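# Working through the structure, step by step
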Amino acid sequence: MFTTFYLVTVDCFRHHTLAHVPSSGRVYSFGLGVYGQLGLSDTNKRTSPCSIKPPWISNGVSSPVAFTVRLISAGSNSSLTYVEEEVSFAEKVIYSCDA
């Protein structure tokens, strides 16, 4: 049985690729990992996408605090994932500036 995911964001550089699947909240990487740029806690080469275990997902279960991946970026020897914490409207603080 297969699960369908919709891929929205892919970024690649010379020797590695990142992919974000928003329906699962996961980021995957593959390619050369000689500098640890795959985010998989090693320097091995991966020929198929491997799920990065980010701090916002614990033991395969989403954190009680909701995070949303906003950006992924693959550099020459590095990777970046930018996430934002989801805050309910009741918790938001709105500042105004009166002149």
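Cut-offs and rules
Residues numbered from 1 in each chain as written. Predicted model: local features only at pLDDT ≥ 70, side-chain atom pairs only at ≥ 80, totals over all residues. Heavy atoms only, no water. Patch = residues over 30% accessible without salt bridge, like charges linked within 9 Å, V, L, I, M, F, W, Y side chains within 5 Å. Areas by Shrake-Rupley, 256 points an atom, 1.4 Å probe, with all protein chains shown as cover. Salt bridge = Lys/Arg side-chain N within 4 Å of Asp/Glu carboxyl O. Helix = DSSP H or I, 4+ residues; strand = E, 2+ residues; numbered from the N terminus. Buried < 20%, exposed > 50% of the residue type's maximum accessible area, 1.4 Å probe, protein only. Pairing = 2+ DSSP bridges. Axes fitted to C-alpha atoms, helices over the stretch in contact; angles between N-to-C directions. Core = buried A, V, L, I, M, F, W, Y, C linked by side-chain atoms within 4.5 Å. Contact = heavy atoms within 4.5 Å.

### A look at a nonpolar patch on the surface
A cluster of nonpolar side chains, namely Leu71, Leu80 and Tyr82, defines an oily patch on the protein surface of about 280 Å² accessible area. When you line up the elements, Tyr82 lands in strand S8 (residues 79-85). Overall, Tyr82 belongs to the partly exposed group, its relative accessible area being 41%.

### What about the sheet that holds strand S1 (residues 9-12)?
Across the sheet, which stays open at both edges, the four strands sit in the order S1-S2-S3-S4 with antiparallel pairing between neighbours. Edge positions in the open sheet fall to S1 and strand S4 (46-51), since each of these has one partner strand only. For this sheet, the mean angle separating the axes of adjacent strands, direction not counted, is 15°. In terms of strand pairing, strand S3 (residues 26-31) meets S4 through three bridges, oriented antiparallel. Paired with Ser29 across the bridge in S4 is Cys50.

### A few points about the pairing of S3
The sheet contact formed by strand S2 (residues 16-21) and S3 spans six bridges and is antiparallel. Along S3, the bridge assignment pairs Ala19 with Tyr28. Linking S2 to S3, which pair antiparallel, is a turn of four residues; within it Gly25 sits at a positive phi near 75°.

### A look at the pattern of salt bridges
Summed over the entire model, instances satisfying the criterion amount to two salt bridges. Salt-bridge contacts for Asp42 lead to Arg46; the nearest nitrogen and oxygen are separated by 2.9 Å. Among the ionic pairs, Arg70 bridges to Glu84, the shortest N-O distance being 3.0 Å. Taken as a pair, Arg70 in strand S7 (residues 67-74) and Glu84 in strand S8 lie far apart in primary sequence, 14 residues in all. The exposure class of Glu84 is partly exposed, given its relative accessible area of 31%.

### Points about the nonpolar core
Core analysis: the biggest nonpolar cluster contains eight residues, these being Leu18, Val27, Leu38, Leu40, Ile52, Val69, Ile72 and Ala74. With three residues, S7 is the largest single contributor of residues to this core. Residues contacting Leu38, with those up to four places away along its chain left out, are His16, Ser29, Phe30, Gly31, Leu32, Gly33, Asn44, Arg46 and Ile52.

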